[in-house]
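Observations on the model geometry
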Amino acid sequence: MKKLGLIFAVIAMSLTLVVSSFAMEAQKEKKAIVLAQFGTSYPSAMAAITGIQKQVQDAFPGVKVKLAFTSYIIRNIWHARQNDEKFLKENKNISEEILYVKGPLATITGLQDEGYTTIIVQPTHVFEGEEYLDLKSCVEGLDSIAAVRTKHKPFKKIVLGRPLLGKKGDEYPYYKDLEVAAKALKADVELARKNKAALVYMGHGNEVLSTGAYIEFQETLRKMYPETPAYVGVVEGFPSLDYVVAGLVKDGIRNVVLKPLMIVAGDHANNDMAGDEDDSWKTTIKSKGIKVVTVIHGLGESSEIGKIFIQHLKDVARDNQIGL
Amino acid sequence: MRKKIFAVLVVIISVLAAASVASGKGESNSFTDESGSRITVKEPFMRIISLYGAHTENLFSLGLDREITGVSENEAYPPQAMTKPIFSYHDDAEKFIAARPDLVLIRPMIAQGYKNLTAKLQKAGITVVSLQPNTMEEVYSYWKNLGRLTGREIQAQKMIGQFQAGIREINSLVKAIPLSERKKVYFEAIHSKMKTFSPSSIAIFALKSAGGINVAADAKAVRGTNIAAYGKERILSHAKEIDVYLAQRGVMNRAKVRRIMEEGGFRAIKAVREGKIYIIDEKIVSRPTLRLLDGIYETGRILYPERFNDVTPLKEKSIITRAEFAEMFIKIMNIPLKTPDYRHDILKKPDIKHKYGDFKDVDYAGNEYKFIETAVSRGLFDDIGKYEFHPDMPAKRGDMAYSLFVYFDFPDAKSVAIKDVHESHPLFNQIQTVAGLNIVKLNKDGEFLPDNPVSGKELFQIISKAKELSYKEE
């Protein structure tokens, strides 16, 4: 009888050991997703960002999902609201996370400090441009931190998902990402068609590296929706507004639906695109006798775009053997 | 003999009079600057470096140009300022000395923060003068002192006269507003710190001159500045009485309507709830230059649009010129006045068509320029040159169709047959739209007559009709 008791005790002990070692394993495997973007200071424009965050959280319920804003100015505006009782009372939908939002580097290291050693950084950037490449350097830098004992490496795994319009390389051909994005934007094409108008997108662009993705995206849209003329231009770099306008005039376009090809409809959408000054996109296009309807909504407000980022997260997780 | 004596006397008297005028009607040619230094002007200064935009603008207003040897880094008005070498108080004294100025004009902020620089310049024999008027009274003596320094006392006096005439004109408009209709205003200087202007500041002078009542009259100036700390609680204590929320926009306050609207607690403010939030350029309300008149006028338009946008005299004109067209359009639509951009913004756009202040045929000391530049900045004119606007030429009906099309958002128009405007006409779409919507009527022969002029009455009716049909909100 005593023997039986001992056997039970042994079994019970070993079970406890198994359970606790399992728990330890789980602790080692704390995983987080960081959604990195430029940011916006307007509570009313936050929907585009928090919408994507919620979609991602719903897709990966067991994983911590954090936001990071790359803009220092925007972060400061949020921080100043932390103790502004009146603001908080009126903006109950604004979470503590946004009030204390940090840049990607601080967000990642903060998570590491809390024991998250497997981190997927998913930018909500549109193309593989300056912001994406800087973020990539940051992630690669953190990933390269070594330790004498492998188990002391600060990050077990830290990886980066690809932007909306894809990235270079042969694992995920960028032109397929262009097609996926073009499909997701069908509602915009429909809107233009209903208005008997051409669709003009204004992207951000860049002056320090090639922005070919945009012009190729224009061709993808034209191939996919041959009945709706599509034009893609950027605020910085090529293809510029002049290039877009020359195309509209040459093609005899009379009506245009103008929308930002940006995740958030912020200052660029309100000023550069839809502003009243003579050099805004709207005024410049109208100066050619072309009617313009502006749509001031960010891409992030469409769940179709959120789905693409979720797919990019799944891809990068699978490639790196991270179970989400 | 008598005649001869008389002639000699006349000559002597006129020489004396001329001399006294030249030296500022006998006023002393020395004064004390903001640093407390006694400045005595023996000869007008000829090589001047100015480290503040308002100093520079005033020197140009005094008729100087060649004498201005250098300016500070962000200056762009008048446009000639952009052709001058740039100096900064961060630069080494050697850079200044190498440019051989005889006068460097600074502000107290520089005098206090960069004592080393000023000491080195003075040691090198350069006169350094610190100027910064904080009240309107001080503005007049400041302009006089600039005149003294440069031998332009008469021009300085003219500037004061011109400014006072402008004030009188605005006063006559304001006087007619019953006290019960006067708007109560909170004037934001720095949003993030909830600061307003001190009651004696130039900005509050501008507000009051435009007929506004400052709700923060109890604000105390931050030592030696125009700015006064106020705080959210005190702003909100006036929440129910604030009819208009006015904010200056400048380097230290990147004001945005949306940011003010979304500020915590601000929905309690009457002006915020009613959408009466307006932004005004710091350069026309806080700076001691002649364009302060534009700031006062613009404040007046914000507070009392119907009074400050009166176009009755223009409606009487049988032919409207391009300058008058601009004025009518801007007034009827109550479009905010354009002000010059900062240098770094202009430099970002190297292929810019036209720079504010650059029209050689527009009088920038007159009244029309502000409407012309505003209309041009809104893209309302198709055919402007870099330097020519042709303000006195009649506005054509075709140009009018162009402006209406650019400014308004019209619904679809049915296509109409226009006898004299065919598809090859460069303004075909625009003319089709305004004719198709019956905003501009064709004559009995079915012609639009795009090259014909337009009368004031007609233009008023057309803009009013366009406003009705458009779904654009200003």
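Of regular secondary structure, chain A possesses 14 helices and eight strands. Seen through its principal axes, chain A has C-alpha atoms that stretch 95 × 50 × 40 Å. Here chain A holds 324 residues, and 41% of them are scored as buried.

With that settled, consider the overall build of chain B. Of regular secondary structure, chain B possesses 21 helices and 13 strands. Counting only C-alpha atoms, chain B reaches 75 × 75 × 50 Å along its principal axes. Here chain B holds 474 residues, and 42% of them are scored as buried. The contacts in chain B between residues at least 6 apart in sequence include a share of 68% that link residues at least 24 apart.

By size, the foremost hydrophobic cluster in this structure holds 81 residues, and its most contacted members are Val104, Leu105, Ala206, Val244, Tyr245 and Leu246 of chain B. Among all residues touching Leu105 of chain B, those that are not within four sequence positions of it are Ile48, Ser50, Leu51, Tyr52, His55, Val129 and Leu131 of chain B. Membership of the second largest hydrophobic core comes to 78 residues, among which are Tyr116, Ala265, Ile308 and Phe309 of chain A.

Tallying the contact residues gives 19 residues for chain A and 17 residues for chain B. Broken down by secondary-structure element, the contributors of at least two residues to the side of chain A that touches chain B are α4 (85–90) and α13 (281–286) of chain A. Top element by residues in the side of chain A that touches chain B is α4 of chain A. It accounts for four residues.

Residues and elements named next belong to chain B. Spatial ordering of the open sheet is given by β4-β3-β5-β6, a layout of four strands whose pairing is parallel. Only two strands of the sheet have a single neighbouring strand rather than two, namely β4 (68–70) and β6 (127–130). Strand-to-strand twist in this sheet, taken as the mean axis angle between neighbours without regard to direction, amounts to 30°. Sheet topology note: the strand β5 (residues 103–106)/β6 ladder contains four bridges and is parallel. What sits directly across from Val104, in β6, is Val128. Sitting on the sheet, helix α2 (residues 53–61) touches β3 (48–50), β4 and β5, and the angle it makes with β3 is about 135°.

Turning our attention to the sheet that holds strand β5 (residues 198–205) of chain A. Residue and element names in this part refer to chain A. A sheet is described by the order of its strands in space; here four strands give the open sequence β6-β5-β7-β8, paired in parallel fashion. Taken across any chain shown, the strands that pair with only one partner, and hence form the sheet edges, are β6 (230–236) and β8 (291–294). For this sheet, the mean inter-axis angle between neighbouring strands, taken without regard to orientation, is 30°. Pairing between β5 and strand β7 (residues 255–260): five bridges, direction parallel. Pairing of Met202 across the sheet is with Pro260, part of β7. In the packing of helix α9 (residues 186–194) onto the sheet, the strands contacted are β5 and β7, and the crossing angle to β5 comes to about 135°. Running over the sheet, helix α11 (residues 241–250) touches β5, β6 and β7 and is turned about 160° from β6.

Residue and element names in this part refer to chain A. The terminal C-alpha atoms of helix α14 (residues 303–319), which comprises 17 residues, lie 24 Å apart, in line with the 24 Å expected from a rise of 1.5 Å per residue. Taken residue by residue, α14 has Ile305, Gly306, Ile308, Phe309, Ile310, His312, Leu313, Val316 and Ala317 as its buried positions. For α14, the secondary structure elements touched by its buried residues are β1 (31–37), α2 (47–59), β3 (118–123), β4 (157–160) and α8 (174–184). Residue Gln321 follows α14 closely and has a positive phi angle near 50°.

Attention shifts here to the environment of Gln132 of chain B. Along the chain, Gln132 of chain B falls in the loop between β6 and α6 (136–150). A tally of 21 C-beta atoms within 10 Å means that Gln132 of chain B is categorised as buried.

For the rest of this paragraph, the subject is unusual backbone geometry. A cis amide bond links Phe238 of chain A to the next residue, Pro239 of chain A, at an omega of -5°. Mapped onto the elements, Pro239 of chain A comes out in the loop between β6 and α11. A cis amide bond links Tyr77 of chain B with the next residue in sequence, Pro78 of chain B, at an omega value of -10°. Tracing the backbone through its elements, the reader meets Pro78 of chain B in the loop between β4 and α3 (93–98). A positive phi angle is found at Lys196 of chain A, which is not glycine, with a value near 50°. In this fold, Lys196 of chain A is placed in the loop between α9 and β5. A positive phi is found at Met194 of chain B, a non-glycine position, where the angle reads about 50°. If you trace the backbone, Met194 of chain B turns up in the loop between β7 (184–190) and β8 (195–197). Using a count of 17 C-beta atoms within 10 Å as the deciding quantity, one classes Met194 of chain B as partly exposed.

Time to look at the domain arrangement of chain B. Residue and element names in this part refer to chain B. Each domain of chain B was delimited in the assignment, giving domain 1 (27–157), domain 2 (181–308) and domain 3 (314–469). A straight line from the C-alpha centre of domain 1 to that of domain 3 covers 41 Å. Taken together, the seven residues of domain 1 in the interface contact eleven residues of domain 3. Tallied by class, residues from the side of domain 1 that touches domain 3 come to five nonpolar, one polar and one charged.

The subject of this paragraph is the packing of α8 of chain A against α14 of chain A. Residues and elements named next belong to chain A. At a minimum axis distance of 9 Å, the contact between α8 and α14 shows a crossing angle of 155°. In terms of orientation, α8 and α14 fall into the roughly antiparallel class. Considering only the axes of α8 and α14, their crossing is right-handed. Contact residues: Val180, Ala181 and Ala184 in α8; Glu304, Ile305 and Ile308 in α14.

Now for the domain arrangement of chain A. Residues and elements named next belong to chain A. As assigned here, chain A comprises domain 1 (24–171 + 303–319) and domain 2 (186–301). Placing the centre of domain 1 and that of domain 2 at their C-alpha centroids yields a distance of 29 Å. A total of five residues in the side of domain 1 that touches domain 2 trace back to one element, the largest contributor, which is α2. Of the residues assigned to the side of domain 1 that touches domain 2, the class counts are ten nonpolar, five polar and two charged.

Residues and elements named next belong to chain B. Secondary-structure assignment places Ile269 in the loop between α10 (257–261) and α11 (270–273). Linking Ile269 and Ala239, residues 30 residues apart in sequence, is a C-alpha distance of 4.1 Å. The residues contacting Ile269, other than those within four sequence positions of it, are Ala239, Ile242 and Tyr245.

All names here are of chain B. Positionally, His344 belongs in helix α17 (residues 343–347). On the basis of neighbour count, His344 is assigned to the exposed category, with 10 C-beta atoms found within 10 Å. Sequence separation between His344 and Ile277 is 67 residues; the distance between their C-alpha atoms is 27 Å.

Residues and elements named next belong to chain B. Within strand β13 (residues 277–281), four of the five residues are buried, which leaves it mostly tucked inside the rest of the structure. Pairing of strand β12 (residues 244–249) with β13 involves five bridges; the strand directions are parallel. In the sheet register, Arg249 faces β13, and the bridge partner there is Asp281.

Calculation notes
Chains are numbered independently. Their residues run from 1 in the order of the written sequence. In the order they appear in the text, chains get letters beginning with A and ligands get numbers beginning with 1. Reporting in this predicted model follows two pLDDT cut-offs: at least 70 for local features of residues, and 80 or more for side-chain atom pairs to be given and counted; totals over whole chains, interfaces and linings ignore these cut-offs and use all residues. A helix here means a DSSP run of H or I that spans at least four residues, while a strand means a run of E at least two residues long, and both kinds are numbered starting from the N terminus. Counts of 20 or more other C-beta atoms within 10 Å of a residue's own C-beta define buried residues, counts of 12 or fewer define exposed ones, and intermediate counts define partly exposed ones; C-beta atoms are placed from the backbone. Think of it this way: build a C-beta for each residue from its backbone, and any pair within 7 Å is a contact. We define a nonpolar core as a collection of buried residues of the types Ala, Val, Leu, Ile, Met, Phe, Trp, Tyr and Cys that are connected via C-beta atoms lying within 7 Å of each other. A pair of strands is treated as paired once DSSP finds two or more bridges between them. All axes here are fitted lines through C-alpha atoms, helices being fitted over the stretch that makes contact, and every angle between N-to-C directions spans 0 to 180 degrees. Expected span of a helix: the number of residues minus one, times 1.5 Å. Residue ranges for the domains trace back to a domain assignment, done automatically or taken from a database. Three residue categories are used. Nonpolar comprises Ala, Val, Leu, Ile, Met, Phe, Trp, Tyr, Cys and Pro, charged comprises Asp, Glu, Lys and Arg, and polar comprises the others, including Gly. By the definition adopted for this analysis, an angle is roughly parallel if under 35 degrees, roughly antiparallel if over 145, roughly perpendicular if from 65 to 115, and oblique otherwise. Two helices crossing with the near one rotated counterclockwise from the far one by less than a right angle form a left-handed crossing, whereas a clockwise rotation gives a right-handed crossing.

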